[in-house]
Amino acid sequence: MNRMGAGEWGLLIILSVLWGASFLFMGILVKELPPLTISASRLTIASLLIGILASRRPKNLPWRELLILGVLNNTIPYALILWGQRYVSSSVASIINSTSPFFTSIFAHFLTDDEKINKFSMMGISLGFSGVLAMAWDLQGSLIGELAIITAVICYSYATVYGRRFYSMGLSPLDIAFGQLSTAAATSIPLAILERPWLVMPSQRAWVSIIGISVFSTALAYLIFFRILERAGATNANLVTLLIPVTATLLCTVFLGERLELRHIVGMCLIMTGLLIMNLRGEL
């Protein structure tokens, strides 16, 4: 089992802030723009930025595999999360997002040789899914939004494990980030055109959110994420979701005035307890 050093933990904290802020940006944007348009804008800007850096590193990339990664890790989940945030708050979306390590552990157990589920992982997974059930217990209209976000989480949990194969191909985090984001942008733009985004004029606040989510929460965040994935493995990389609900909830409470219901707080406590237990797997 790969272990996390001080450097990896530092990168993980930075990443949690960047991805926590993405839920704030999405909470602002879904009030003004359709979801596929937001996703395509985010991916296009981020891929152009990464492309500028990657242009100095000419290399034949495995585009078919990168297309699969881009669709599973960006095109589908971004659209589903944005659509789901029309029905649930940004804070709740970030809590559901924190279940990713549980799904990643299951995929890694069956698809890798060095990240097997043990008793701590199983206890953590059980608590995590209990947390999801606690949040979804009140079967109101928000359930459809919660299911959309859970489906998104399953997609990029598998993509996290799938992404490990690229290091055996000699690709750097920059190469992978560029290939993933550019293929995701290429598949998102045609879908966004169906929403006729030219009919909407975003506010200044929306433009700032688009830049923030593209530059910091996507381009920079994925460079950091793939560095952690390379050093510490898929399960450890997804432990970032232990911290995202905290940063996202704080940001959304301050800037969006969101409040959590009791069932959401109970669900978050169960999920975070499960993640903490999973992180003890190498200590006891």
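On a predicted model such as this, the values are computed, not experimentally measured, just so you know.

Draft legend 1. View of the overall build of the protein. When its secondary structure is counted, the protein shows 12 helices and zero strands. Helices and strands in the protein line up, N terminus first, as α-α-α-α-α-α-α-α-α-α-α-α. Taking 284 residues into account, the globule formula puts the C-alpha radius of gyration at 19 Å, and the protein, at 18 Å, falls close to it. Principal axes of the C-alpha set define a box for the protein whose edges measure 55 × 50 × 30 Å. Counting every position in the protein, which comprises 284 residues, the buried fraction comes to 57%. When contacts within the protein are restricted to residue pairs at least 6 apart in sequence, long-range pairs at least 24 apart make up 92% of them. Summed over all atoms, the accessible surface of the protein reaches about 12400 Å², with 68% contributed by carbon and sulfur. Side chains of the protein give 19 positive and 14 negative charges; the mean places of these two sets differ by 4 Å.

Draft legend 2. Region of the structure containing the nonpolar core. Leu15, Trp19, Leu69, Tyr222, Phe225, Phe226 and Ile228 are the most contacted members of the largest nonpolar core, which has 72 residues in total. It is helix α9 (residues 204–232) that contributes the most residues to this core, 12 residues altogether. Those residues in contact with Tyr222 that sit more than four places away from it in its chain are Trp19, Asn73, Asn74, Tyr78, Ala177, Gln180 and Leu181.

Draft legend 3. A look at the environment of Ser16. Tracing the backbone through its elements, the reader meets Ser16 in helix α1 (residues 6–29). Under the relative-accessibility criterion, Ser16 is labelled buried at 2%. Each C-alpha atom, one on Ser16 and one on Thr241, is 7.0 Å from the other, the two residues being 225 residues apart in sequence. Apart from residues lying up to four places away in sequence, Ser16 is in contact with Val240, Leu243, Ile244 and Thr247. Only 2.6 Å separates the side chain of Ser16 from the backbone oxygen of Ile13, close enough to count as a polar contact.

Draft legend 4. Structural view of unusual backbone geometry. Phi at Arg196 is positive, roughly 50°, even though this residue is not glycine. Among the structural elements, Arg196 can be located in the loop between α8 (173–193) and α9.

Draft legend 5. Seen up close, the environment of Leu72. Mapping Leu72 onto the fold places it in helix α3 (residues 63–84). Sequence separation between Leu72 and Ala152 is 80 residues; the distance between their C-alpha atoms is 8.5 Å. Residue contacts for Leu72: discarding those within four places in its chain leaves Pro77, Cys155, Tyr156, Tyr158 and Ala159.

Draft legend 6. Representation of the pattern of salt bridges in the model. This structure, assessed with the given rule, holds one salt bridge. For the salt bridge of Glu65 with Arg64, the shortest nitrogen-to-oxygen distance reads 3.6 Å. Judged by its relative accessible area of 65%, Arg64 falls in the exposed class.

Draft legend 7. Spatial organisation of the confidence of the model for the protein. Of the residues in the protein, 92% reach a pLDDT of 70 or more, and the chain-wide mean stands at 85. Here helix α10 (residues 234–237) stands out as the least confident element of the protein, with mean pLDDT 69; α3 is the most confident, with 95.

Draft legend 8. Expanded view of the packing of aromatic side chains. Evaluation of the coordinates by the stated rule reveals 12 aromatic pairs. Chaining the aromatic ring pairs together yields one cluster made of Trp19, Tyr222, Phe225 and Phe226. One Lys or Arg, Arg42, reaches over the ring of Tyr78 and ends 3.9 Å from the middle of that ring.

Draft legend 9. Molecular detail of helix α5 (residues 100–111). An ideal rise of 1.5 Å per residue puts 16 Å on 12 residues; α5 measures up with 16 Å between its terminal C-alpha atoms. Those residues of α5 that sit buried are Ser100, Pro101, Phe102, Phe103, Thr104, Ser105 and Ala108.

Draft legend 10. Spotlight on the packing of helix α2 (residues 35–54) against α9. Look at α2 against α9: their axes get within 8 Å of each other, and the N-to-C directions meet at 50°. Judged by the angle between their axes, α2 and α9 are oblique. In the packing of α2 onto α9, the handedness of the crossing is right-handed. The segment α2 lies against α9, with Ser41, Arg42, Ile45, Ala46, Leu49, Ile50 and Leu53 engaging Ile210, Ile213, Ser214, Val215, Ser217, Thr218, Ala219 and Leu223. Its residues assigned to classes, the contact of α2 with α9 comprises 10 nonpolar, four polar and one charged.

Draft legend 11. Inspection of α3 at higher detail. Helix length check: α3, at 22 residues, gives a terminal C-alpha distance of 30 Å against a target of 32 Å (1.5 Å per residue), a fit within 8%. In the structure, α3 departs most strongly from a straight axis at Val71, where the bend amounts to approximately 40°.

Conventions and cut-offs
- Residues numbered from 1 in each chain as written.
- Predicted model: local features only at pLDDT ≥ 70, side-chain atom pairs only at ≥ 80, totals over all residues.
- Heavy atoms only, no water.
- Helix = DSSP H or I, 4+ residues; strand = E, 2+ residues; numbered from the N terminus.
- Rg over C-alpha atoms; globule rule 2.2 N^0.38 Å.
- Buried < 20%, exposed > 50% of the residue type's maximum accessible area, 1.4 Å probe, protein only.
- Contact = heavy atoms within 4.5 Å.
- Areas by Shrake-Rupley, 256 points an atom, 1.4 Å probe, with all protein chains shown as cover.
- Lys, Arg positive; Asp, Glu negative; His and termini not counted.
- Charge placed at Lys NZ, Arg CZ, Asp CG, Glu CD.
- Core = buried A, V, L, I, M, F, W, Y, C linked by side-chain atoms within 4.5 Å.
- Polar contact = N/O pair within 3.5 Å; in protein donor to acceptor, adjacent residues only side chain to side chain.
- Salt bridge = Lys/Arg side-chain N within 4 Å of Asp/Glu carboxyl O.
- pLDDT = per-residue confidence, 0-100.
- Phe/Tyr/Trp six-rings, centres within 6.5 Å; stacked < 30°, edge-to-face > 60°.
- Lys NZ or Arg CZ within 6 Å of the ring centre and 35° of its normal.
- Expected span 1.5 Å × (residues − 1).
- Axes fitted to C-alpha atoms, helices over the stretch in contact; angles between N-to-C directions.
- Parallel < 35°, antiparallel > 145°, perpendicular 65-115°, else oblique.
- Left-handed = near helix turned anticlockwise from the far one by under 90°.
- Nonpolar A, V, L, I, M, F, W, Y, C, P; charged D, E, K, R; others polar.
- Bend = angle between axes of the 7 residues up to and from the residue.

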